[in-house]
Amino acid sequence: MAGSDEALFHALADPTRRRCLVLLAEAGELCVCELTHALGAVQPKVSRHLAVLRKAGVVAGRRDGTWIYYRLHPELPVWAVAVVAAAAHGLRDLSPHREDRAALEAMADRPSLRCSACAGPATDART
């Protein structure tokens, strides 16, 4: 079952997962490279946290070529969507969420269909 209460609150208890969920709640869908850029974190760390969220049924991934885009799980219960939305709304103007959003908005070459911002050898955000 997607999004049990225990899984959702466990996800929200971790700062990195909470930051990812706030960004996903606001943006709808983000590529791993956008999340790593916004959080200023390395790709393996972000991917590990996304794997926890995916296993718990809180987020779902969509593959586009070599890139994976994440969004809140479409089968997340209404109450869970409301909890994430309330958290995102309440945290959006607090640090580090405010800075995460600003970094995401300032990201050059944000992907539309492909994650071209991560194609170079310096940042490999493939999962």
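Here goes a summary of the coordinates provided. (Residues numbered from 1 in each chain as written. Predicted model: local features only at pLDDT ≥ 70, side-chain atom pairs only at ≥ 80, totals over all residues. Heavy atoms only, no water.)

1. A few points about the overall build of the protein
Our working definition: Per the convention used, a helix needs a DSSP run of H or I reaching at least four residues, while a strand needs a run of E reaching at least two, with both numbered from the N terminus. We call a residue buried when its accessible area falls under 20% of the maximum for its residue type, exposed when it is over 50%, and partly exposed in between, using a 1.4 Å probe and counting protein chains only. Shrake-Rupley sampling with a 1.4 Å probe provides the accessible areas, and residues are treated as covered by the protein chains on show and by no other component.
Check the secondary structure of the protein and you find six helices and three strands. Counting from the amino terminus, the protein carries its helices and strands in the arrangement α-α-β-α-α-β-β-α-α. Among the 127 residues that make up the protein, the fraction classed as buried is 44%. By element, 56% of the accessible surface of the protein is carried by carbon and sulfur atoms, the whole surface being about 6600 Å².

2. Quick look at the pattern of salt bridges
Filter applied, for reference: One speaks of a salt bridge when a side-chain nitrogen belonging to Lys or Arg is within 4 Å of a carboxyl oxygen belonging to Asp or Glu.
Following the criterion strictly, the structure yields seven salt bridges and no others. With its nearest N and O atoms 3.1 Å apart, the salt bridge here joins Glu-26 to Arg-92. Placement of Glu-26 in helix H2 (residues 15–27) and of Arg-92 in the loop between helix H5 (78–91) and helix H6 (97–106) is noted, with a sequence separation of 66 residues between them. According to the relative accessible area criterion, Glu-26 is partly exposed, its value standing at 32%. A salt bridge links Asp-93 to Arg-92; its shortest N-O distance comes to 3.8 Å.

3. Digging into helix H3 (residues 32–39)
Basically, it comes down to this: Working rule for contacts: check all heavy atoms of both residues, and any pair within 4.5 Å makes them a contact.
Counting buried positions over the eight residues of H3 gives seven, a clear majority of the element. Every buried residue of H3 is accounted for by Val-32, Cys-33, Glu-34, Leu-35, Thr-36, Ala-38 and Leu-39. Residues of H3 that are buried make contact with H2, strand S1 (30–31), helix H4 (43–55), strand S3 (67–72) and H6. Following H3 by one or two positions, Gly-40 adopts a phi angle in the positive range, close to 65 degrees.

4. Section: unusual backbone geometry
In this structure, the amide linkage connecting Ser-95 to the following residue, Pro-96, adopts the cis form with an omega of 10 degrees. Position of Pro-96 among the secondary structure elements: in the loop between H5 and H6. In this structure, Asp-109 takes a positive phi of about 55 degrees despite not being glycine. Here Asp-109 shows up in the segment after H6. Taking the relative accessible area as the measure of exposure, Asp-109 reaches 59% and is therefore exposed.

5. What to know about the nonpolar core
As a reminder of what qualifies: As used in this record, nonpolar core signifies buried Ala, Val, Leu, Ile, Met, Phe, Trp, Tyr and Cys residues forming a set joined through side-chain atoms within 4.5 Å.
Leu-21, Leu-50 and Leu-53 are the most contacted members of the largest nonpolar core, which has 25 residues in total. Secondary-structure elements contributing two or more residues to this core are helix H1 (5–13), H2, H3, H4, S3 and H5. Non-local contacts of Leu-53, meaning those with residues more than four positions away in its chain, are made with Ala-11, Arg-17, Cys-20, Leu-21, Val-58 and Val-59. Residues Cys-31, Cys-33, Trp-67 and Met-107 belong to the second largest nonpolar core, which totals five residues.

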